[in-house]
Each structure stands twice: as structure tokens, then as C-alpha cells.
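Geometric and topological summary
In case you want the letters, here they are:
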Amino acid sequence: VMGSTKYYYRVRVYLNDGSMILSDTKTVTTSYKTESVTITTSDGIRLAAKLKYLGSNNGKKPGIIFMHELMPFGNNWQKADVVTNLIAEGYVCLILDFRGHFSSDYVPLPTEYSQVEEFIYNVSKDLVASIEFMKSNDVVDGNKLALVGGSLGSIMAIAGNGYDEVVASVALSPYSVGIYSVFPDLIINSTLFIAAENNVNSQGVNFAQEATAMYNYSEEPKKLIIVPGSSEHGTNLLLESGITNEIKNWIIARMEN
């Protein structure tokens, strides 16, 4: 039995009269290690995170940082199949809570569009601290990291692409706000861009257009997926058929390159 693997099963019962009763399909995911960690940023903010990996791993393994949206109701990466799938492949996964969210230190979140760029600059310190944490961790191969994020997290996944140690990025519903002003020298490559065809926010931002523009700006290797007929945003794109496998395959291909 492999760790961090989802198994499906049904119970079949034969009765004395020769009839059979078949249960509904059930699932169980085998165990893996989960450590609650605290990461302190350069400006003193304490970030909560979960480090997840197979206890059977030998030596250091490549690491993946998963990052959420701005102001979601919960961190969808905590229960995402793509995370457990990659843990099963031997990767060490960090599920990060940004400042102002969930169990991390409180900071005021932007309430107006004009405040977003400054907030992105501050959150970039969360990204840097998380990368440094992974580089110094005893179970992580700090020379091979991947960044995966939705919406605000996708901005960080793209921004962190400039690190030599980051060999793959995945951006769900990417948005260019703040990227070129906060990270003016950024050269983007090895990035998978994913957006829904009909995802437009209240400010009129069309995320399919944003993803396409950033894809065109980026260098190879790169890939663009526009999900037809969908309006899903950020980590909700994981609900779309095939997206989990696309993310998994992209990261494995880049890690093994």
C-alpha cells in the first residue's frame, strides 16, 4: 500500500438466499506526514503552514509550495487531490497561509483596488520566506522547487519564477497587477498558465486574456490552458476535468528535466 494514495473500494455481501448486496463506492487516502510549521518573514510576520510528505522518503526530495487566493473562505489546497498525488510521487509539499489569512498573523487586507499593489509587495515577503524555509529544510532538496498558486497565489507563483531554484510554476487565474512594477526584472519561463474562458471579475478583468498575454510574454518552456465554457476562478479550477493531471504532469516533467 502506497502512502498518500486514494483507494476506492466496495463491499459485496452474499445472503443465504443467494442474493447479493453491493455497497456504495467508498474512498480512503493512505497516510503521510503532516507537520505544522511557522515561517517568519523579513518584516516579522509569522506565517502558518503545513509541510506534507511521505514518511518513507529517503534523503531530500524536491519541494512544492501551494499558495491560495486573496480572502477565500478556506485554503483549498489543504484537501486538493493534486497535493496528495504529488506527495505520493515523493515530493515535499508546503501549504502556505498568506499574511492576514487563516492561522497566519493578522494584517489588514486590501478593501480597495488601489491598495492591492502594495499588498502584493508585502505578500512577496511571504513568498521569499517560504522559499528560504524550503531551501533550508532537512527533508527538501532546495535546488528543485515548484510554485503553484491561484489568483493572488498565481501572482506569487509567477514572481518566484525568477529564483534559480524554482524549476516550475503553475498559475491558476493569473493576473498581471503588481507583477511588473514589484518585480520589474522578472523573466518568466517553465510556467503553466490556466484560466477559465468566461472568468471576468467585477473590475472587468478577463482572466483568460490575462493568462494569454502573460503566456505570450513568457519564455519556453511554457503552456497555456483556457478551460472552455467555464467561469471558475483560482483553486476552483481544480474542479474542472483534467486540470489536476495537467498540473501534476507539468511539475513532474519540469522536475525531471
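Let me sum up the structure you'll find in this document. Computed from a prediction, not measured in an experiment: that's the story for all the values here.

1. Focus: the packing of aromatic side chains
For any pair of aromatic rings, the description rests on two quantities: the centre-to-centre distance and the angle between the ring planes. On inspection of all chains with the given rule, the structure shows 4 aromatic pairs. Plain terms: the ring middles of Y175 and F207 are 5.7 Å apart, the flat faces sit at 70° to each other, and that makes the pair edge-to-face. Of this pair, Y175 sits in the loop between β10 (166-172) and α4 (179-182) while F207 sits in helix α5 (residues 207-217), and the two are 32 residues apart along the sequence. Like F207, Y175 is buried. The ring centre of Y215 lies 4.5 Å from the NZ or CZ of K222, which sits over that ring. Stacked on the ring of W250, the Lys or Arg R254 has its end atom at 4.7 Å from the ring centre.

2. Section: the sheet that holds strand β6 (residues 46-53)
Sheet strands associate in pairs through backbone hydrogen bonding, adopting either a parallel or an antiparallel arrangement. In space, the 8 strands of this open sheet follow the order β5-β6-β8-β7-β9-β10-β11-β12, with mixed pairing throughout. Edge strands, defined here as strands with exactly one partner in the open sheet, are β5 (33-40) and β12 (222-227). The mean angle between the axes of side-by-side strands here comes to 20°, regardless of whether they run parallel or antiparallel. Bridge count for strand β11 (residues 191-196) against β12 is 6 bridges, and the pairing is parallel. Paired with L192 across the two strands is K223, which belongs to β12.

3. With respect to the packing of helix α2 (residues 116-136) against helix α3 (residues 152-159)
It is the contact of α2 with α3, at a shortest axis distance of 10 Å, that shows an interaxial angle of 60°. The pairing of α2 with α3 is recorded here as oblique in orientation. Crossing handedness for the pair α2 and α3: right-handed. On the side of α2, the interface is formed by F119, I120, V123, S124 and L127, while α3 contributes L152, I155, M156 and A159. Its residues assigned to classes, the contact of α2 with α3 shows 8 nonpolar, 1 polar and no charged.

Conventions used here
- Residues numbered from 1 in each chain as written.
- Predicted model: local features only at pLDDT ≥ 70, side-chain atom pairs only at ≥ 80, totals over all residues.
- Heavy atoms only, no water.
- Phe/Tyr/Trp six-rings, centres within 6.5 Å; stacked < 30°, edge-to-face > 60°.
- Helix = DSSP H or I, 4+ residues; strand = E, 2+ residues; numbered from the N terminus.
- Buried < 20%, exposed > 50% of the residue type's maximum accessible area, 1.4 Å probe, protein only.
- Lys NZ or Arg CZ within 6 Å of the ring centre and 35° of its normal.
- Pairing = 2+ DSSP bridges.
- Axes fitted to C-alpha atoms, helices over the stretch in contact; angles between N-to-C directions.
- Parallel < 35°, antiparallel > 145°, perpendicular 65-115°, else oblique.
- Left-handed = near helix turned anticlockwise from the far one by under 90°.
- Contact = heavy atoms within 4.5 Å.
- Nonpolar A, V, L, I, M, F, W, Y, C, P; charged D, E, K, R; others polar.

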